[in-house]
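# Fold and geometry: a report
Chain residues, written in single-letter form:
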Amino acid sequence: MEENVNNNADALKEGALAQSLFLRLSEAIIQGEIPLGSKLSEPVLARQYGVSRGPLREALNRLQERRLVERAPRLGARVVTLSADTFRQIYGVREALEGMAARGAALAMREEDLARLRDILARQEASIAATGDDAPNALGAMDQDFHVAIARAAGNALLDGLLCGELYQQLRLYRSQLRKVAGRGRRAVVEHRRILDAIADRDPDMAEWQMRRHVTASYAALAPLLDAVAAKNPSPAEELPE
């Protein structure tokens, strides 16, 4: 019995470590600390993060599930590169799902959730006013993500799981590129204000329309730059430094 308890405790500890490592590696990829297209060496990463190979492999598996890492026979694991086709597909799905989320939020959002959404937007507006930051939402923490707050308040667990779980990290990877589009952050905050106003008015049609319009505008802003960004990514995978 004691051995089973110890084994379970070890498994829980390794699972928590793998999740923590997954989040750290996700951030490193999205923030550009690990370049797109880079080859991921397990021995190098294990030394860099001070972990054993077991939790690291589990973290890499989760990154692959979230489509931030890809594996190929004899080539090992590497960070994905930006793809025009993937971008188009993701944003097509995003427009539909986030439109549904905004509609649901207009119908179901509680007053305390609405107050939190107002607080998130106020922080974004203050950031733009103070620093001219052109990506107020793309690289922030999940609990300060305007879109996550709407998805979680929409009252649809499946939609929440898709937008805040399965697709979230890949969405953030592409959204992070918007910081390279001058002025897009300012425009996005204006669009966020319109979405919030429609939700606060309990107008599901307008909330969905404003969200779809916002996602479409983000796509239009980033699409012309995507080929140039992708061209700068390494073609052969780069090794992380030993």
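Conventions used here
- The residue count restarts for each chain, going from 1 along the sequence in the order it is written.
- Only residues with pLDDT of at least 70 get local features here, since the model is predicted, and only at 80 or more are side-chain atom pairs given and counted; chain-wide, interface and lining totals rely on the full set of residues.
- To obtain the side-chain values, all non-hydrogen atoms of the structure were used and water was disregarded.
- We call Phe, Tyr and Trp rings a pair once their centres come within 6.5 Å, taking the six-membered ring for Trp, and we label the pair stacked below 30 degrees between planes, edge-to-face above 60, and tilted otherwise.
- What counts as a helix is a DSSP run of H or I of at least four residues, what counts as a strand is a run of E of at least two, and both are numbered from the N terminus.
- Buried residues are those whose accessible area, probed at 1.4 Å on protein chains only, stays under 20% of the maximum for their type, while exposed residues exceed 50% and partly exposed ones sit between those limits.
- Strand pairing is assigned whenever DSSP detects at least two bridges linking the two strands.
- Here, residues are in contact when the closest pair of their heavy atoms is within 4.5 Å.
- Here an axis means a line fitted to C-alpha atoms, over the contact stretch when the element is a helix, while the angle between two N-to-C directions is reported on a 0 to 180 degree scale.
- Note on terminology: a nonpolar core comprises buried Ala, Val, Leu, Ile, Met, Phe, Trp, Tyr and Cys residues joined through side-chain atoms within 4.5 Å.
- The span one expects for a helix is its residue count, reduced by one, times 1.5 Å.
- Here a polar contact is recorded for every N or O atom pair within 3.5 Å, except that within protein the pair must consist of a potential hydrogen donor and a potential acceptor, and residues adjacent in sequence are included only if both atoms are side-chain atoms.

## Describing the packing of aromatic side chains
Per the stated rule, a full pass over the model turns up four aromatic pairs. With a centroid separation of 4.8 Å and 55° between ring planes, the pair formed by Phe87 and Tyr91 is classed as tilted. With a gap of four residues between them, Phe87 and Tyr91 both fall in helix H4 (residues 84-108), about one helical turn apart. For Tyr91, a relative accessible area of 2% translates into the label buried. Between Phe87 and Tyr219 the ring centres are 4.7 Å apart and the planes differ by 5°, which places this aromatic pair in the stacked class. You can see Phe87 sitting in helix H4 and its partner Tyr219 sitting in helix H10 (residues 204-232), a full 132 residues away along the chain. What makes Phe87 buried here is its relative accessible area of 1%. Three or more aromatic residues joined by ring pairs make a cluster, and in this case those are Phe87, Tyr91, Tyr174 and Tyr219.

## Focus on the sheet that holds strand S1 (residues 39-40)
Read from one edge of the open sheet, three strands run S1-S3-S2, paired in antiparallel fashion. The open sheet is flanked by S1 and strand S2 (69-72), the only strands paired with a single partner. Here S1 runs beside strand S3 (residues 76-79); their pairing, made up of two bridges, is antiparallel. Bridged to Leu40 within S3 is Ala77. Set on the sheet, helix H3 (residues 53-65) makes contact with S1 and S2; between it and S2 the angle comes to about 100°.

## Here's the deal with the nonpolar core
By size, the foremost hydrophobic cluster in this structure holds 64 residues, and its most contacted members are Leu25, Ile150 and Ile199. Considering every element that reaches this core, the biggest residue donor is H4, with eight residues. When sequence neighbours within four positions are dropped, the list of residues in contact with Ile199 reads Ala102, Ala105, Ala106, Met109, Leu114, Leu117, Ile150 and Ala207.

## Topic: the side chain of His214
Here His214 is to be found in helix H10. Those residues within four positions of His214 in sequence are excluded, and the remaining contacts are His147, Arg184, Ala188, Glu191, His192 and Ile195.

## A look at unusual backbone geometry
The phi dihedral of Arg67 is positive, around 65°, even though this residue is not glycine. Structurally, the position occupied by Arg67 is in the loop between H3 and S2. The phi dihedral of Arg202 is positive, around 60°, even though this residue is not glycine. Following the sequence through the fold, Arg202 ends up in the loop between helix H9 (184-200) and H10.

## As for H4
For an α-helix, 3.6 residues make a turn, and residues three or four places apart therefore share a direction. Here H4 is 25 residues long and its end C-alpha atoms lie 35 Å apart, about the 36 Å a rise of 1.5 Å per residue gives. Residue Ser83 occupies the N-cap position of H4, its side-chain oxygen lying 3.3 Å from the main-chain nitrogen of Asp85.

## Thoughts on the environment of Asp197
Among the secondary structure elements, Asp197 is positioned in helix H9. Between the alpha carbons of Asp197 and Ala207 there is a distance of 8.1 Å; along the sequence they are ten residues apart.

## Thoughts on the pairing of S3
The pairing of S2 with S3 spans four bridges and is classified as antiparallel. If you follow Glu70 over to S3, its bridge partner there is Arg78. Counting the residues that bridge the hairpin from S2 to S3 gives three residues, and of these Arg74 lies at a positive phi of roughly 70°.

Note that all results are geometric; they support no functional claim without further evidence.
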